[in-house]
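# Chain and residue survey
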Amino acid sequence: MINFLKIFFTILFFYMIYTVVETSLRSNLFEEWNYLGSIPWMVATLKDFYVNIVVLYIWVLYKEKNIGLWILWLVLFVCLGSIGVILYVLIQLFTLKPGEGIEKVLLRRE
């Protein structure tokens, strides 16, 4: 299961990097911001995104003990979105020791 999750999240990570780069090359977010902000579903999508970031960040606050890591992950989550979140999960998965299960990813390390 852990190997499957590593592969799955790695694919998602590179897919999102591709999506962001490809979209950035075709469209400048800063030039289109006013138009995008006028679309109600775009506003709802942004609100949904940031509420999800808060939920995931609470998990980081629970899991990590270092205030520096709290700040780093907050910045990465807000600035990189799912790329930052997937990176966090991948780090958790790749730092598992042999034989450790998914509970070590989800729970605080002692």
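The sections below set out a description of the structure shown in this document. (Residues numbered from 1 in each chain as written. Predicted model: local features only at pLDDT ≥ 70, side-chain atom pairs only at ≥ 80, totals over all residues. Heavy atoms only, no water.)

### Digging into the overall build of the protein
Rule in force here: Here a helix means four or more residues in a row that DSSP labels H or I, a strand means two or more in a row labelled E, and each is numbered from the N terminus. Burial classification: accessible surface area is computed with a 1.4 Å probe over protein chains only, and a residue below 20% of its type maximum counts as buried, one above 50% as exposed, and the rest as partly exposed. Here a residue-residue contact requires only that any non-hydrogen atoms of the pair lie within 4.5 Å. What sets the accessible areas is the Shrake-Rupley method with a 1.4 Å probe; for residues, cover comes only from the shown protein chains. In this tally, Lys and Arg are treated as positive and Asp and Glu as negative; His is ignored, and so are the chain termini. The location of each charge is read from NZ of Lys, CZ of Arg, CG of Asp or CD of Glu.
When helices and strands are tallied, the protein shows six helices and zero strands. Listed N to C, the secondary structure of the protein is α-α-α-α-α-α in terms of helices and strands. Referenced to the eigenvectors of the C-alpha coordinate spread, the extents of the protein come out at roughly 50 × 25 × 25 Å. A total of 110 residues make up the protein; the buried ones form 24% of that total. Taking the contacts inside the protein whose residues are at least 6 apart along the sequence as the reference set, 63% of them involve residues at least 24 apart. Carbon and sulfur atoms make up 72% of the accessible area of the protein, which totals about 8000 Å². A gap of 10 Å separates the mean positions of the 9 positive and 8 negative side-chain charges of the protein.

### Overview of the packing of helix α4 (residues 67-80) against helix α5 (residues 82-94)
Counted only if it meets this: Structural elements are reduced to axes, namely lines fitted to C-alpha atoms, with helices fitted over the stretch in contact, and the angle between N-to-C directions of any two is expressed from 0 to 180 degrees. For classification purposes, angles smaller than 35 degrees are called roughly parallel, those larger than 145 roughly antiparallel, those between 65 and 115 roughly perpendicular, and all remaining angles oblique. Residues are sorted three ways: Asp, Glu, Lys and Arg are charged, Ala, Val, Leu, Ile, Met, Phe, Trp, Tyr, Cys and Pro are nonpolar, and all the rest, Gly among them, are polar.
Where α4 meets α5, the closest approach of the two axes is 5 Å, and the angle between their N-to-C directions is 135°. Between α4 and α5, the interaxial angle falls into the category oblique. Taken together, the residues of α5 that come into contact with α4 (itself represented by Trp73, Leu76, Phe77 and Leu80) are Ser82, Ile83, Gly84, Val85, Leu87, Tyr88 and Ile91. Residue composition of the contact of α4 with α5, by class: nine nonpolar, two polar and no charged.

### Quick notes on the pattern of salt bridges
Quick note on the threshold: Here, a salt bridge means any side-chain nitrogen of Lys or Arg that lies within 4 Å of a carboxyl oxygen of Asp or Glu.
All chains considered together, the criterion is met by one salt bridge. Salt-bridge contacts for Glu22 lead to Arg26; the nearest nitrogen and oxygen are separated by 3.3 Å. With Glu22 and Arg26 both in helix α1 (residues 2-26) and four residues apart, this pair spans about one turn of that helix. What makes Arg26 exposed here is its relative accessible area of 67%.

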